[in-house]
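# Structure at a glance
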Amino acid sequence: MRSFRSHSLAQVALFITFIFITLTSTTATPLQSSQLHDHSRRDAYAAASAAAEIDIPAGSVHKLVKRATTTAAVCTATSTVKTTQTVKTTQTVKTTQTVSSVVYVTQTVTASAAASSTKATLSDVSSTMKTSTSSTSGVVASVSVSTSKGASETAQIPASATTTLATSTYTTSLDKSGAVTSAPTPTAATTKTSSLASSVSINTKTISTSASGVTTAGVAKPSSNSLFAPIALDNPASKFGSREHTEKPLSISGSFLTQPIQTNKFYGNMYLGTQEQPAWTHPYVLSWINNNSTGFYGMMVSHVDDGQKVYGPDASAKPVQYYINPGGMHSLSFSAQEFDTDMTMSLEKLDHMSVNVRFQPSAASRSGNQALLMPMVNGMGFVTGKYYKLTPAFNSGILVRSLTQVKSPYSNSYKYEILLEDGKMWVMYAFPDSTSQKAFNLTVVSNSRLVNAGGQFSGVIQIAKVPNTQGATTSGAVDPSYTVTSAISVYDTYAGSYATGVTLGGSVQGDYGSYTFNYAKTGRAVPLLMFALPHHEASFASATLAGKTLVQLQSTTMGLMTAYAADVWEMVENDLPTDVGFLPWSPLGKSATYTTKALAAIASAANSEVSQDFDAQTDLDSMYYSGKALAKFAHICLAINDVLGDKKLGTTCLNKLKTAFATFQTNTQQWPLIYDTTYAGLISTQGFSQGSLSDFGNTWYNDHHFHYGYHIHAAAIIGHLDPTWLTAANKVYVNNLIRDVANPSANDQYYPVMRAFDWFVGHSWSKGIFEAGDGKDEESSSEDFNMWYAQKMWANVIGDNDMEARSNLMLAVIKRSLNSYMLMDTDNTIQPANFIGNFVTGILFMNKADHTTYFGTLEQYIQGIHAIPSISVSGYVRQPTFIQHQWDAKISSIIGGVTDGWKGILYLDYANADPVAAWNFFNSSSFSSNYLDGGMSLTWMKKLGYFLVLSWVHRTGPGVSFFFLSYGPTTLSNIPNHGSLFVLDGFIEIFRMCSFER
């Protein structure tokens, strides 16, 4: 120990004397909560986290609580919202236009005058193009365009060509297509008892357990060089039966239709509904346009700068409720003269981070193998089209201000700079397949259309947006060396090379893991230019970091992306949660002794909860609610066996749990699962008769990682408590649930690879096969990592080293991603500065972030949905400092008025920052069962809360540990004048003054 630093021995002795008087006095006046010190909260910042659910009883608050007023987020919800809805508010976007009702208001634009003009002559194109009038394209009919080429080689739009800007639209109400408005809190009765209730008793002996939750045998630190080996290769139809899905995917045919089809990925809109909603590759947004009224056909490419995002509903609010990237801002499209309304689009090679899109003229007008093939790969630096015997054409909804041909840096290639009317510049590169083709001669036909005057073309064409300023982030960082010229120079260097797919690799060695994106590419022999998200950059290995460039573009909802030149990315995580086991876990890693008093409190809850009717609460008409109940009872059994050590009650609990779980393992629940041969997945049969949104849309592939995560977690605990339960039948059932959600290998032909988890963005997407104008979304970050923790613990009990190592790596990745994009502490610089004050995004879409939920707008819903369930790994992902800041700013002012299960949810989560308050809440005589939702167990709450208190105590030093273990945390009635919490703070102050070193 270090000697006293700043306080004399006399001061310390005086303080100890004061504490002694407080303990022995019988006349002292009880302190009010407002008089208590704030030391414990600050100490709790470094204590163990373990997200979830809680409340402080009146009179026992031991610290000052900041009361921050919050305004409830209001979401104008409609059951069906069209993304083309016109907004009824006035917004201003920084694209040189002031907006009324829409981002781009229809207005007259006078283009730059040409110095001297001559009529454009096209060899294969009519010299005068006729374009239909449209309120959405903004193009005036019958525009006859002249071009001028002087020394600058710039083709300009003549002043006589009067045109209108494109109209962009967005909706401010929550699009609930494919979403369910039911709350994620089961309402099954928790008081119904069975005949077993009276036969059980509790042995309240003191036991010790590791703070990490590791059992006596220990949790191994798995290593693996085959992280993505298949889990199994058996046909699930033999166990679950099979059928085709009623929602057929569009534009997928041949062998691609017989392979597993991704249901929750960025390009889902392209085979659903109208097929014209966007796909998000980050940073570019692509959508199929097949619109006879505009004359636009092909793939439209968009990108929205940070300053063009729209905030609302009150743009001046701090924080705002939402921000959104306006749709319809069509910068340039890949098209062809041969395309018309009868053109076809088809999807090929549907992978988890890429897809190929093939466009062809109508069958009637097609000649041979004419096609435009466009690979869409997450993070692609260029948008690339491979033309086969087509006449390239490019449309713009924003309109072309000028077209400049400049010298290409490579032989047999062409380069153009295209300036649009919003002031944004794009560069284009054309690489013919052979030198025998006619010259590529891009010519202005109208201010919305460019066409190759050289006729049909076979080869590669690429476009990329040139940032106006580099580093235009919410923090305002700007690289002083950036210029537009330097950005174009980067594009010049890497043009001609493009990615066609990604292979995921990785390895784990104990606490250290790495994963790689190995890009398949074609074209010029130069490194690929790919855009990285902030969480990628934060974990890049040094070799990948060496490829950093100056080019940066905004993503839609995940901050600023930076272009890197590399064919392989390697990301490193060196803090894998290898020591997180079944029992409560603390990052402090201290041992914890459960006293007789603590055990008695846990035992009392367990005795009551084991008497409940497990079957009635688990065999429900919902895989989600059933899973939550199974996991709840599994945690009760875990606490009885591993903490209380009560074999008799533990056996009773486990047998009831096995019986309840067997209903699902034998597929005899109310709505059995069935194997879907259309998309290759394990789905509930309920949706086929009850509608696509029944059971939160499970049959339509919504939320599978939420639903099945609870079932897998329950199974892992059963296997942990009784290894003989791990029969072939039980393992096949659980492994199929995992394969459906997270099949790691393409060698498993019965499920798509990684249905839910998105390795590029670092977290999962919940929405399944529903067309969605704002793309896939995720509403609960905590139920996301619950799935990967459940997978980890299941792997541990069945001895699957590869799966456990992979799970540890996935948890490390999701920790980094969620704390970058969805859990926003005060120092977050990735999300907009006027949005981070919400602390949680609410629903994070691919195109927007909306601080709300699908089931309501109350703040406890929005904050709480990111905190359920509270499990051992919660403290690894959710940081105590974040939870405390969140509590102070968003929860403390409303918690007194919360009287349902959300109160318990919020307080259990708060245990990670202030475990003493959590323990007091759950152990209070005024505690109501109304504070527990149907998926919560008071046994687990008390066990977790007490453990976190002990972890906090161990941090404070030996004196506090002695005091705390002698009196316990709930000693208001045991210490004279109810001064225990003040006295506890006093001991903390002593040890802080003395600056003891542990």
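Since this is a predicted model, take the numbers as computed values, not measurements.

Calculation criteria
What you see as residue numbers is a count from 1 along each chain, following the sequence as written. Thresholds applied to this predicted model are a pLDDT of at least 70 for local features of residues and 80 or more for the giving and counting of side-chain atom pairs; totals over whole chains, interfaces and linings are not thresholded and use all residues. Hydrogens and water are ignored here; the side-chain numbers use all heavy atoms of the structure. Helix and strand definitions follow DSSP, with helices as H or I runs of at least four residues and strands as E runs of at least two, each counted in order from the N terminus. Exposure is judged per residue with a 1.4 Å probe applied to protein chains only, and the accessible area is read against the type maximum: over 50% gives exposed, under 20% gives buried, and values in between give partly exposed. In this analysis, two residues are considered to be in contact whenever any of their non-hydrogen atoms come within 4.5 Å of each other. Accessible surface area values rest on a Shrake-Rupley calculation with a 1.4 Å probe, where residue burial reflects the displayed protein chains alone. At least two DSSP bridges between two strands are needed for those strands to be called paired. In plain terms, two cysteine sulfur atoms within 2.5 Å form what is called a disulfide here. Buried residues of nine kinds, namely Ala, Val, Leu, Ile, Met, Phe, Trp, Tyr and Cys, make up a nonpolar core once their side-chain atoms join them within 4.5 Å. Every angle, taken between N-to-C directions, lies between 0 and 180 degrees, and every axis is a line fitted to C-alpha atoms, over only the stretch in contact when it is a helix. pLDDT expresses, on a scale from 0 to 100, how confident the predictor is about each individual residue. Stacked, edge-to-face and tilted are the three classes for Phe, Tyr and Trp ring pairs, Trp counted by its six-membered ring, which pair at centre distances within 6.5 Å; planes under 30 degrees apart are stacked, over 60 edge-to-face, the rest tilted. Note on criteria: charge over ring means Lys NZ or Arg CZ within 6 Å of the ring centre, with the direction from the centre no more than 35 degrees off the ring normal. By convention, the crossing between two helices is left-handed when the near helix turns anticlockwise from the far helix through less than a right angle, and right-handed when the turn is clockwise. In the scheme used here, Gly and all other residues not listed as nonpolar or charged are polar, with Ala, Val, Leu, Ile, Met, Phe, Trp, Tyr, Cys and Pro taken as nonpolar and Asp, Glu, Lys and Arg as charged. His is not counted, nor are the chain ends; Lys and Arg add positive charge and Asp and Glu add negative charge. Counted as salt bridges are all cases of a side-chain nitrogen of Lys or Arg within 4 Å of a carboxyl oxygen of Asp or Glu. Here the word oblique covers every angle except those under 35 degrees (roughly parallel), over 145 (roughly antiparallel) and from 65 to 115 (roughly perpendicular). Residues adjacent in sequence count toward polar contacts only when both atoms are side-chain atoms; beyond that, a polar contact is any pair of N or O atoms within 3.5 Å, and within protein one must be able to donate a hydrogen and the other to accept it.

## So, the overall build of the chain
If you tally the helices and strands in the chain, you get 24 helices and 43 strands. Counting over 998 residues, the chain shows a buried share of 64%. Long-range contacts, defined as pairs at least 24 residues apart, comprise 75% of the intrachain contacts of the chain with a sequence gap of at least 6. Carbon and sulfur atoms form 52% of the exposed surface of the chain, whose accessible area is close to 32,800 Å².

## Examining helix H20 (residues 901-910)
Working note: α-helix, 3.6 residues per turn, so residues spaced by three or four point in the same direction. A large share of H20 lies buried, amounting to 10 of its 10 residues. Along H20, the positions that sit buried rather than exposed are Gly901, Trp902, Lys903, Gly904, Ile905, Leu906, Tyr907, Leu908, Asp909 and Tyr910.

## With respect to the pairing of strand S37 (residues 673-676)
What you see with S37 is no split at all: Leu673 and Tyr675 on one side and Ile674 and Asp676 on the other are buried throughout. As judged from the two bridges shared by strand S12 (residues 242-243) and S37, these two strands associate in the parallel manner. Directly across from Arg243, in S37, lies its bridge partner Asp676. Looking at chain direction, S37 and strand S38 (residues 681-684) are connected through four bridges and run antiparallel. Residue pairing across strands places Ile674 opposite Ile683, the latter belonging to S38. With antiparallel pairing between neighbouring strands as the criterion, S37 and S38 make up a hairpin whose turn holds four residues, including Ala680 at a positive phi of roughly 70°.

## Side note on the state of the cysteines
Applying the stated criterion across every chain yields a total of one disulfide. Cys637 shares a disulfide with Cys653; S-S distance 2.0 Å. Across the S-S bond of Cys637 and Cys653 the torsion is about -90°, and the bridge reads as left-handed. You can see Cys637 sitting in helix H10 (residues 623-644) and its partner Cys653 sitting in helix H11 (residues 647-665), a full 16 residues away along the chain. Under the relative-accessibility criterion, Cys637 is labelled buried at 0%. Looking at Cys653, the relative accessible area reads 0%, which means it is buried.

## Considerations on the nonpolar core
Core analysis: the biggest nonpolar cluster contains 233 residues, and Tyr491, Phe517, Trp569, Trp759 and Trp794 have the highest contact counts within it. With 13 residues, the single largest contributor to this core is H10. If you look at the next biggest cluster of nonpolar residues, it comprises five residues, including Leu174, Ala179, Phe845 and Tyr854.

## Some details on the sheet that holds S37
In any sheet, the strands associate via hydrogen bonds between backbone groups, in a parallel or an antiparallel arrangement. Strand order in the open sheet made by the three strands is S12-S37-S38, with mixed pairing throughout. With partners counted over all chains shown, the strands left at the sheet margins are S12 and S38, one partner each. Strands in contact with helix H14 (residues 728-742) are S37 and S38; relative to S38, the strand with the most contacts, it is inclined by about 105°.

## Topic: the confidence of the model for the chain
Per-residue pLDDT for the chain averages 78, and the proportion of residues at 70 or more is 71%. Across residues 471-477 the pLDDT falls below 50, and counting only partners more than four positions away or on other chains, this stretch makes 19 contacts in the model. Predicted confidence for residues 956-998 stays below pLDDT 50, and this span has 104 contacts to residues more than four positions away or in other chains.

## Some thoughts on unusual backbone geometry
In this chain, Gly312 is followed by Pro313 through a cis amide linkage whose omega measures -5°. Its place among the elements puts Pro313 in the loop between strand S16 (310-312) and strand S17 (322-324). Pro319 follows Lys318 through a cis peptide bond whose omega is 5°. Mapped onto the elements, Pro319 comes out in the loop between S16 and S17.

## Some points on the packing of aromatic side chains
Scanning the model with the defined rule gives 49 aromatic pairs in all. Residues Phe614 and Phe633 carry aromatic rings whose centres are separated by 3.8 Å and whose planes lie at 20° to one another, so their mutual orientation is stacked. In this pair, Phe614 is assigned in helix H9 (residues 614-618) and Phe633 in helix H10, connecting sequence segments 19 residues apart. Phe633 matches Phe614 in its accessibility class, with the two residues each being buried. Over the ring of Phe633 we find Lys632, and its NZ or CZ is 4.5 Å from the ring centre.

## Topic: the side chain of Thr391
Relative to the elements of secondary structure, Thr391 occurs in the loop between strand S22 (383-390) and strand S23 (392-395). The class of Thr391 is buried, set by a relative accessible area of 5%. If we skip the residues at most four places from it in the chain, Thr391 touches Ser335, Ala336, Gln337, Glu338, Val451, Asn452, Gly455 and Gln456.

## Side note on the sheet that holds strand S18 (residues 332-336)
The sheet built from seven strands is open, its strands ordered S13-S14-S15-S18-S23-S28-S27 with antiparallel pairing. Each having just a single partner strand, strand S13 (279-280) and strand S27 (442-446) make up the two edges of the open sheet.

## A short note on the packing of H14 against helix H15 (residues 781-798)
Between H14 and H15, the shortest axis-to-axis distance is 12 Å and the interhelical angle comes to 145°. The two elements H14 and H15 meet at a crossing, and its hand is left-handed. Two secondary-structure elements touch here, H14 through Asn730, Lys731, Val734, Asn735, Ile738, Val741 and Ala742 and H15 through Met787, Trp788, Gln791, Trp794 and Ile798. Across the contact of H14 with H15, the residue classes break down as eight nonpolar, three polar and one charged.

## Some thoughts on the environment of Gly268
With respect to the element layout, Gly268 can be found in the loop between helix H4 (255-258) and S13. Put simply, Gly268 and Gly768 are 500 residues apart on the chain and 8.2 Å apart in space, counted from C-alpha to C-alpha.

## Examining the side chain of Arg806
In this fold, Arg806 is placed in helix H16 (residues 801-821). Buried charge Arg806 goes without a salt bridge, the closest partner of opposite sign being Asp800 at 5.8 Å. Non-local contacts of Arg806, meaning those with residues more than four positions away in its chain, are made with Leu227, Phe228, Ala229, Ile231, Pro744, Met754 and Gln791.

## Focus: the pattern of salt bridges
Scanning the model with the defined rule gives 20 salt bridges in all. We note a salt bridge from Arg739 to Asp234, for which the minimum N-O separation is 3.2 Å. Remark: Asp234 occurs in the loop between strand S11 (223-224) and helix H3 (237-240) and Arg739 occurs in helix H14; sequence separation between them is 505 residues. Residue Arg739 is classed as buried on the basis of its relative accessible area, which comes to 0%.

## Concerning the pairing of strand S30 (residues 497-509)
Within a regular strand, the side chains alternate between the two sheet faces. Pairing geometry for S11 and S30, over two bridges, is antiparallel. Residue Ser223 lies in a different strand from S30, and its bridge partner there is Gln509. Sheet topology places S30 next to strand S31 (residues 512-523); 12 bridges connect them, and they run antiparallel. Within S31, the residue paired with Ser507 across the bridge is Ser514.

## Brief notes about the packing of H10 against helix H13 (residues 704-721)
Relative orientation of the contacting elements H10 and H13 amounts to 25°, with a least axis distance of 8 Å. The orientation of H10 relative to H13 falls into the category roughly parallel. Crossing geometry of H10 relative to H13 is assigned as left-handed. The class makeup of the residues in the contact of H10 with H13 is 13 nonpolar, eight polar and two charged.

## Focus on the environment of Gln831
Tracing the backbone shows Gln831 in the loop between H16 and strand S42 (843-845). With relative accessibility at 0%, the residue Gln831 sits in the buried group. A distance of 2.8 Å separates the side chain of Gln831 from the backbone oxygen of Tyr821, its partner in a polar contact.

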